Amino acid sequence: MREYLLYVKVGDEAAHVYVTPCFTVDQMYWRERDGCRLHVIGKSPSLALAFYLRGMLNARLQDRDVGEEEIAAMREWALAHVRETNALYGREAGDMQPLRGEWFSIEVTGEDTEDSDGRQTDERADAEGKAPPSPGASLSAGALPDLRANSERLHLLLQGRALLLEELDGFLHRRGWTGSLRTECLQWLVLDGKAEWRPGIELIVRRDIWRRRLAMRCGRCGSERGIALTLCHSCGQGCAYCTTCLDMGKSKCCTPYLCVPGRRTRFRQDGAAAALQWEGQYSQMQAAAAERARRFVAASRPGPAAFLMWAVCGAGKTELLFPAIRETLADGGQVLIATPRKDVVLELAPRLQRVFPAARVIAVHGSSREKWEDADITVATTHQVMRYYQRFPLVVLDEADAFPYHNNPVLYRAVSRAVQPGGKTLYLSATPPRYLRKRLVPSAFRFPTHSATHVLLPGRYHGYPLPVPRVCTVAALDKRMRLGRAVPPLLDGVKASLAAGRQVFVFVPRVEDVPRVLQYLQARLPDHANALAGVHAADPEREQKVRLFRDRRFAVMVTTTILERGVTIPRSDVIVVGADAPVFDEASLVQIAGRVGRSADAPEGTILFIQSHRSTAPYAAIRQICRMNRLAERLREKEARSCCESRV
């Protein structure tokens, strides 16, 4: 069982309370600082309790003279807060019973005091033979050079990472760490200001008007709602874990969470990773948008820290990023591209590797083997970004309006923490959420094409307008399909697309609708039954099916909204079954419509929204698409006039 010691460091100018798992390291560290005295408060097996007491005691120390009487009072005050925390936790725990008679405990050390060279200075403690507890290994003075050297090596491996202690051993093993005294080295980095650590779940006592209550917050994801109390046999104390980020590993009260800020140094010294090999060409509108994004990244602060690239589906958002990425790589920095969908990660990483062949590009998702590696360009799902901490000078957030990132404060926090201090965040979206438009798009005009914090690109790269959807209302749509009756718009639409040699996305609102609609189509279109497939997020064959659809082995794919973004299938059409379902809002339908007409050799296609009753979202999506088409046409006409005038 790990134990954590709480002590007060009293210097010439100020006093501060620290928590340590290895007091010997703290003694060695402060021994080099003259004028320090260390007063031990106590030790506890509960990391969350130790950090809670540290915060309370540091608040108490403000503007106070610290003498022996104050140290004794702090010990009594700590005991009083432990008793209060026990009572509050017991109220929340309900029928659960503590393992050792009480939820939390602290062993107060009496009046032991140590100066910075490790000698006891309290005569009464010396006479009674007491010694302050020292969790962790005992280190000799001769171990100091190795401790410093190993700490620096460890820092180089961990910088820019945020890991639970349980993840740390596996990470260090994969990175070839062979040093000893891991805990001691980590504590040295914490004291040196190069790392910080905290409990996985933090204790908070909130003082309302009528009573006090215990709250808990996950140190990793920041959530307070998904905290579950538990009987923990690891620490033997009151404990809890976070259910919100449970898929990333169990964050608990007794699990240390280590955050190591990234250094603002060059990841590569030669800048070779910035070599761009792309044979494409920008349109005039694309070139202007890409240059504005590059200037935003290249500008030094003070200046905007966030920039929105508002570009319609099929505008070539990935290609527009190339100058900004090259700017960061040329400066020796690393780039993070975060996207809500694993499918987009798997598609985007090889595309970037082709155009930046000298750079190392990795794809990071839940089952990725590269999640612990370093790279010039990291393409990751937004959940995996929680393992980074102040690491990247440029973070690109793709599809900021998409589930699960949209309206998710946990992922907002993860993305913001991954940016280095002074770094830049670049948002990409065809349908930016209202809060992002309000923050980054000036409100002087309804659709300003650019500003210091945004650029709007309303036209596709090939210059053709966005295909406009059609809406069809079929009364009792679900019932007709359930009974196997004909739904002419659906069947005729699929037949027409297949006859023209086109592929079809058939979007449905719920996972359970995928097999039902697939079976309906196979029964109604028996000649094409083997060319039909269905996929959803939990499908174990999801990646294989999407790959076969890309390879044209499947002609029709029945899917949920997992394929509404980031998937490009040339010569494809779209049919949305149940477009009046709540999951299909305006932004979602615009994104779905954006699957059609993305290639220059087939810029047209069919988009059909089938609803059982009139809904506002399909018509709002059509209005937005038409609005962007009109704006793109006006900009093209303006460019044409400008070219004619320049020739004259």
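Use the structure listed above.
Source: prediction; values computed, not measured.

**Re helix 12 (residues 409-418)**
Part 1: Among all positions of helix 12, only Val-410, Leu-411, Ala-414, Val-415, Arg-417 and Ala-418 are buried. All buried residues of helix 12 lie within an arc of 165° about the axis, which places them on one face of the element.
Part 2: Buried residues belonging to helix 12 abut strand 6 (161-164), strand 7 (196-199), strand 12 (256-260), strand 14 (335-339), strand 17 (392-398) and strand 18 (419-429).
Part 3: For helix 12, the side-chain oxygen to backbone nitrogen distance between the N-cap and Val-410 is 3.0 Å, and the N-cap itself is Asn-408.

**Some details on the sheet that holds strand 12**
Part 1: Spatial strand order, 6-12-7: 3 strands in an open sheet with antiparallel pairing. In the strand order of this sheet, the two ends are held by strand 6 and strand 7, each with one partner. Averaged over all pairs of adjacent strands, the angle between their axes in this sheet comes to 20°, without regard to strand direction.
Part 2: Across 4 bridges, the pairing between strand 7 and strand 12 is antiparallel. Across the sheet, the residue bridging to Pro-199 is Pro-256, located in strand 12.

**So, the pattern of salt bridges**
Part 1: Taken as a whole, this structure holds 30 salt bridges when the rule is applied.
Part 2: Between Glu-84 and Arg-207 there is a salt bridge, and its shortest N-O distance comes to 3.8 Å. Of this pair, Glu-84 sits in helix 3 (residues 68-93) while Arg-207 sits in strand 8 (residues 201-207), placing them 123 residues apart in sequence.
Part 3: The exposure class assigned to Arg-207 is partly exposed, which follows from its relative accessible area of 37%.
Part 4: With a closest N to O distance of 2.9 Å, Asp-513 and Arg-516 form a salt bridge.

**Quick word on the pairing of strand 1 (residues 4-10)**
When a strand is regular, its side chains alternate between the sheet's two faces.
Part 1: Within strand 1, 7 of the 7 residues are buried, leaving the element largely enclosed by the surrounding structure.
Part 2: On strand 1, burial covers both faces: Tyr-4, Leu-6, Val-8 and Val-10 on one face and Leu-5, Tyr-7 and Lys-9 on the other are all buried.
Part 3: As paired elements, strand 1 and strand 3 (residues 37-44) share 7 bridges and run antiparallel to each other. Pairing of Leu-6 across the sheet is with Gly-42, part of strand 3.
Part 4: Where strand 1 meets strand 2 (residues 15-20), 6 bridges bridge the pair, whose relative direction is antiparallel. Counterpart to Leu-5 in the pairing with strand 2 is Thr-20.

**Re the sheet that holds strand 23 (residues 532-535)**
Part 1: Ordered in space as 21-26-25-22-24-23, the 6 strands form an open sheet in which the pairing is parallel. Looking at which strands have only one partner, the edges of the open sheet turn out to be strand 21 (470-473) and strand 23. Ignoring which end each strand starts from, the neighbouring axes of this sheet average 20° apart.
Part 2: Sheet analysis places strand 22 (residues 503-507) next to strand 25 (residues 572-577), joined by 5 bridges and oriented parallel.

**Here we look at the packing of aromatic side chains**
Part 1: Tallied over the full model, the rule gives 18 aromatic pairs.
Part 2: Note on Tyr-7 and Tyr-18: the rings are 5.6 Å apart at their centroids and 20° apart in plane angle, and the pair reads as stacked. In this pair, Tyr-7 sits in strand 1 while Tyr-18 sits in strand 2, placing the two residues 11 residues apart along the sequence.
Part 3: Look at Tyr-412 and Tyr-435: their rings are 5.7 Å apart centre to centre, the planes differ by 40°, and that puts the pair in the tilted class. Residue Tyr-412 is located in helix 12, and its partner Tyr-435 is located in helix 13 (residues 434-440); the two are separated by 23 residues in the primary sequence.

**Concerning the packing of helix 8 (residues 284-298) against helix 10 (residues 322-330)**
Part 1: The N-to-C vectors of helix 8 and helix 10 enclose an angle of 25°; their axes lie 7 Å apart at closest approach. The orientation of helix 8 relative to helix 10 falls into the category roughly parallel. Judged by the sense of rotation from one axis to the other, the crossing of helix 8 with helix 10 is right-handed. Where helix 8 abuts helix 10, its residues Ala-290, Ala-293, Arg-294, Val-297 and Ala-298 lie against Pro-323, Ala-324, Glu-327 and Thr-328.
Part 2: Residues belonging to the contact of helix 8 with helix 10 are distributed by class as follows: 6 nonpolar, 1 polar and 2 charged.

The rules we used
Residues numbered from 1 in each chain as written. Predicted model: local features only at pLDDT ≥ 70, side-chain atom pairs only at ≥ 80, totals over all residues. Heavy atoms only, no water. Buried < 20%, exposed > 50% of the residue type's maximum accessible area, 1.4 Å probe, protein only. Helix = DSSP H or I, 4+ residues; strand = E, 2+ residues; numbered from the N terminus. Arc of directions from axis to C-beta. Contact = heavy atoms within 4.5 Å. Polar contact = N/O pair within 3.5 Å; in protein donor to acceptor, adjacent residues only side chain to side chain. Pairing = 2+ DSSP bridges. Axes fitted to C-alpha atoms, helices over the stretch in contact; angles between N-to-C directions. Salt bridge = Lys/Arg side-chain N within 4 Å of Asp/Glu carboxyl O. Phe/Tyr/Trp six-rings, centres within 6.5 Å; stacked < 30°, edge-to-face > 60°. Parallel < 35°, antiparallel > 145°, perpendicular 65-115°, else oblique. Left-handed = near helix turned anticlockwise from the far one by under 90°. Nonpolar A, V, L, I, M, F, W, Y, C, P; charged D, E, K, R; others polar.

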